[in-house]
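# Structural description and commentary
The residues making up each chain are set out below.
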Amino acid sequence: MNIARFALAASAAVVFAGATHAETLTIQTSFNAGDFSTKYLTDNWLPKIQERTDGRVEVELTPSGSVVPSRDTPEAVAAGVIDGDFTSVNYFAGLEPAYAIMGDLISGYDTPEQMIGFCRDGGGEEMMQKAADSVTGGEVTVVACGPYSREALVARVPIRTFEDLEGKKIRSPEGLAAAVFQAAGASPVAIPFSEVFGALEKGIVDAADASAYVNNDATGLHDVAPYPLYPGIHSMPSMQFTINTETWKSLSEEDRTALRTWWYDAMYAMTEEVSKKDRELAERDDASDDIEVINWSQEDRDQLREVAREQWEAYAQKSALAQEALQANIDYMTEIGLFKD
């Protein structure tokens, strides 16, 4: 009896010890604490990491800027200040031009799923790793990458076709987005995001690069811009999931595989959920007398993509890695039918 009790106690101690030695990874995101994305992942997907690794790995997501500014996460991950990041790649365009190509190929992919496919199966991860290596010297491992939403375009006047862009004043970030709008005949205007509502209300701009449909709805932009373009025609920011290379190598191959699979499963699920919410709101609004939701034809989307491609190619001249990143994207887009051979 005593031997049996001792064996049972020893077994319980082993289980307890295993539970207390789980690897907890602190991952800083570029999401705000109250964002839908943060809550969705925390409630639905963080517990699944422990399930999939039998309790060996946990992830703690911290909000944007909680440890370092979002633009500094590559260096922070490399130094081990944080274990990893889950960040919009656009923040790093100033470090290496390839990040601008990888972060948001303006007017490129039609759906987030297409771009996630590029990352997971079409060489996107490898290109993101090359970009990371160029700024961190191999001290950061790219686990996965991809977007989870396509932004809508809010407009106070109808923009129903590619030709309707001609002469329209569109609030846009500087850089690649502004270059694409200008090449399409619009006049990009650089104003802070905080001034978008007032600029639309006063007619300073005709349309604005703002956010996803659900976010634009929440901030009341459709009250002053009742002709939203949905699904959007322009921006689809990509995220990266990275881990400090030394920490990554300390994990078992089984747990590394589990983390990568977990991230892509979570992103596909979040993409579906955001799309569902966007679609429900767009259908509700389009059925009203106050808002006309505009969905461009595939022909108009293809026309804008061709115009955008010239701007991608001009921007890619900024570095050899940016040219390589663009070619990888174009090869995959051609493979899935977005460009003709």
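Use the structure listed above.
One structure accompanies this document, and this report is about it. Since we're looking at a predicted model, the values are computed, not measured.

### Considering the overall build of the protein chain
- Helix and strand counts for the protein chain stand at 15 helices and nine strands.
- Here the C-alpha radius of gyration of the protein chain, 22 Å, is about what a compact globule of 341 residues would show, namely 20 Å.
- Each principal axis of the C-alpha atoms in the protein chain carries an extent, and together these give about 85 × 45 × 35 Å.
- Pairs at least 24 apart in sequence give 77% of the contacts found in the protein chain among residues at least 6 apart.
- Accessible area of the protein chain: about 15300 Å², with a carbon and sulfur share of 49%.
- Averaging the positions of the 27 positive and the 56 negative side-chain charges in the protein chain gives two centres separated by 2 Å.

### Regarding helix α7 (residues 124–136)
- The end-to-end C-alpha distance of α7, which contains 13 residues, comes to 18 Å, matching closely the 18 Å that a straight helix rising 1.5 Å per residue would cover.
- Within the sequence span of α7, burial applies to Gly-124, Glu-125, Met-127, Met-128, Gln-129, Ala-131, Ala-132 and Thr-136.
- Just downstream of α7 lies Gly-137, where phi reads positive at about 65°.

### Re the pattern of salt bridges
- Inspection of the entire model under this criterion finds 16 salt bridges.
- The partner of Asp-255 in a salt bridge is Arg-56, and the shortest N-O contact between them spans 2.8 Å. One end of the pair, Asp-255, is in helix α13 (residues 253–286); the other, Arg-56, is in the loop between α3 (46–52) and β2 (57–62), and 199 residues separate them in sequence.
- Residue classification places Arg-56 among the partly exposed positions, given a relative accessible area of 32%.
- Members of the salt-bridge network, linked through shared partners, are Asp-54, Arg-56, Glu-254 and Asp-255.

### Here's the deal with the state of the cysteines
- Following the criterion strictly, the structure yields one disulfide and no others.
- Sulfur-sulfur distance for the disulfide between Cys-119 and Cys-145 comes to 2.2 Å. Handedness of the Cys-119-Cys-145 disulfide follows from its S-S torsion of about -115°: it is left-handed. Note that Cys-119 is positioned in helix α6 (residues 112–121) and Cys-145 in strand β4 (residues 140–146), a separation of 26 residues in sequence. Both residues of the pair, Cys-119 and Cys-145, belong to the buried class.

Cut-offs and rules
Residues numbered from 1 in each chain as written. Predicted model: local features only at pLDDT ≥ 70, side-chain atom pairs only at ≥ 80, totals over all residues. Heavy atoms only, no water. Helix = DSSP H or I, 4+ residues; strand = E, 2+ residues; numbered from the N terminus. Rg over C-alpha atoms; globule rule 2.2 N^0.38 Å. Contact = heavy atoms within 4.5 Å. Areas by Shrake-Rupley, 256 points an atom, 1.4 Å probe, with all protein chains shown as cover. Lys, Arg positive; Asp, Glu negative; His and termini not counted. Charge placed at Lys NZ, Arg CZ, Asp CG, Glu CD. Expected span 1.5 Å × (residues − 1). Buried < 20%, exposed > 50% of the residue type's maximum accessible area, 1.4 Å probe, protein only. Salt bridge = Lys/Arg side-chain N within 4 Å of Asp/Glu carboxyl O. Disulfide = S-S within 2.5 Å.

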